[in-house]
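Understanding the architecture of this molecule
Here's the letter readout for the chains.
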Amino acid sequence: MGKELLRKLPKVDILLQHSKVEEAFENNSRVLVIEAVREALEDTRKNILEGNIQEFTIEDIINTFNDILDKNNKPKLRKVINAAGIVIHTNLGRSLLCDKAVNQVEDIIKNYNNLEYDIDKGARGSRYSHIEDIIKEITGAEAALVVNNNAAAVMLVLNTLCEEKEAIVSRGQLVEIGGSFRVPEVMKFSKAKLVEVGTTNRTHLYDYENNITENTGVLLKVHTSNFKILGFTEDVSAEELTKLGEKYDVPVVEDIGSGVLINLQSYGLSYEPTVQESVKKGIDVITFSGDKMLGGPQAGIIIGKKKYIDKIKKNQLTRALRVDKMTLAALEATLKCYLDEETAIKEIPTLNMMLTPPEEIKKKAQLLKRKLSTAPKHFSFHIEEDYSMVGGGSMPEEKLKTYVVKVKSSKFSAKELEGELRNYETPIISRISNDEIYLDLRTIFKEDFEIILNALKALGE
Ligand SMILES: *Cc1c(COP(=O)(O)O)cnc(C)c1O
């Protein structure tokens, strides 16, 4: 049976002459069409071998061909709808850029620009000069530099200040962030020698002091962004550490993780150390991400005392870790919003979504529910109070009160429904809880309600 069917499979050349395929050649690149024909044949062959189909027509293969061509034509990196309610979702691209940043990027990349050109002097300039002043102004630091991401920033700082020297770190701060950033591993690459002091839950000032030697390069403080140790704990404050650093003339470096630039406590969130505080406390070099709570593009921002930043700028590694013009344009526009706190909260999507009042989210949930009233009848919808997360390894304990639309179907299980929404042409990423689909309105835009309705309609009456 299977063998006979396999013999009936048409040759590639025959399919290429089919009117639908010839039509496809007119609107698509040749390579893509031929590839889709091959894939459609391969797909059919596989289905025959696996006993999934007992009969087929040429039209069936052509339909498969069209589906494959459509799929291959779409960009692989594309828009998804974040219905999971995690504001800084690392898997979904972290922070969204504010409009000002988007416009600035567009203007820069469509035109020539002064990336490495000093307009006043009519001579070669530095790509870092454009951004340094605004970072200094907002953070209060003496100097600044921007590299590819925070992992690169930490590596560069350690390599510059601590190559073949010892970096003293508390055992309670040897963290892993998101599976790929592990403090001990980053140190290995930077050629700094890790000296672990204290214990997991308690580290004292004398633990650092007793381990300072001739060969100490830095005292390193790492913000434990994504976990908290509770109970019998002891930590050395930034003030104590900087005093110790001064006494022995050893710089204190802090990886603060998320670049929080406004005091979020005054907006009802839990305390998260700000970049400005660390500067005030006298930390010599501070690194943080551009695309976490700062709400800008992916970047690693290094700030601190001029004598150290100057040294870091001269490191050959800086060239390998440098940022491009799109990042610089987006970061400058984002940082400008911070000159006025109200503007920052209004304009920067990450801050805006984190701080949206629950009542406003509830209204949005009601709007979505109303919109979905024309969805197929096997679906039912309920609005419920729930909690969303900040994400991005930031504020692990913070539960943001939110409202969700719970979706149930008499035809699909929650797991099936989650998969169908995820595989829709605009993927909708939801979360499952108690065998129900939750659509968290904190991170869903009104402009996307139509897409959600169409995704449900595509699942049939
Ligand atoms: C997120 C984080 C990093 C990694 O930053 P990337 O910008 O993702 O490279 C490093 N250290 C801490 C403490 C973090 O929270």
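Details of the structure are given in the entry above.
About the thresholds
- Residues numbered from 1 in each chain as written.
- Predicted model: local features only at pLDDT ≥ 70, side-chain atom pairs only at ≥ 80, totals over all residues.
- Heavy atoms only, no water.
- Near = heavy atom within 4 Å.
- Polar contact = N/O pair within 3.5 Å; in protein donor to acceptor, adjacent residues only side chain to side chain.
- Areas by Shrake-Rupley, 256 points an atom, 1.4 Å probe, with all protein chains shown as cover.
- Helix = DSSP H or I, 4+ residues; strand = E, 2+ residues; numbered from the N terminus.
- Nonpolar A, V, L, I, M, F, W, Y, C, P; charged D, E, K, R; others polar.
- Phe/Tyr/Trp six-rings, centres within 6.5 Å; stacked < 30°, edge-to-face > 60°.
- Lys NZ or Arg CZ within 6 Å of the ring centre and 35° of its normal.
- Pairing = 2+ DSSP bridges.
- Axes fitted to C-alpha atoms, helices over the stretch in contact; angles between N-to-C directions.
- Salt bridge = Lys/Arg side-chain N within 4 Å of Asp/Glu carboxyl O.
- Buried < 20%, exposed > 50% of the residue type's maximum accessible area, 1.4 Å probe, protein only.

Quick look at the site of the ligand
For the ligand, the full set of nearby residues is Arg94, Asn149, Asn150, Ala151, Ile177, Phe181, His223, Ser225, Asp255, Gly257, Ser289 and Lys292. A distance of 3.2 Å is found between an oxygen atom of the ligand and a side-chain nitrogen or oxygen belonging to Asn149. Within the side chain of Lys292, an N or O atom sits 2.7 Å from an oxygen atom of the ligand. Protein contacts shield 95% of the accessible area of the ligand, which totals 380 Å² for the unbound molecule. Those elements giving two or more residues to the shell around the ligand turn out to be helix 8 (150–162) and strand 10 (252–258). Tallied by class, residues from the shell around the ligand come to three nonpolar, six polar and three charged.

Considering the packing of aromatic side chains
What the rule picks out here adds up to one aromatic pair. Lys8 extends its terminal NZ or CZ atom over the ring of Phe56, reaching a point 5.6 Å from the ring centre. In this structure, Arg30 packs its charged tip against the face of Phe25, placed 4.8 Å from the ring centre.

Looking at the sheet that holds strand 4 (residues 143–147)
Judged by pairing direction, the sheet is mixed, and its seven strands sit side by side in the order 4-12-11-10-9-5-8 without closing on themselves. Taken across any chain shown, the strands that pair with only one partner, and hence form the sheet edges, are strand 4 and strand 8 (193–197). Here the strands of the sheet are splayed against their neighbours by 25° on average, with no regard to which way each runs. Looking at chain direction, strand 9 (residues 216–222) and strand 10 are connected through four bridges and run parallel. Residue pairing for strand 10: Val222 is matched across the bridge by Asp255.

Observations concerning the pattern of salt bridges
All told, the structure shown has 28 salt bridges when counted by the stated rule. Between Lys313 and Glu132 there is a salt bridge whose closest N-O contact spans 2.9 Å. Residue Lys313 is located in helix 13 (residues 306–314), and its partner Glu132 is located in helix 7 (residues 129–139); the two are separated by 181 residues in the primary sequence. Under the relative-accessibility criterion, Lys313 is labelled partly exposed at 30%. Glu132 sits in the buried class, given a relative accessible area of 13%.

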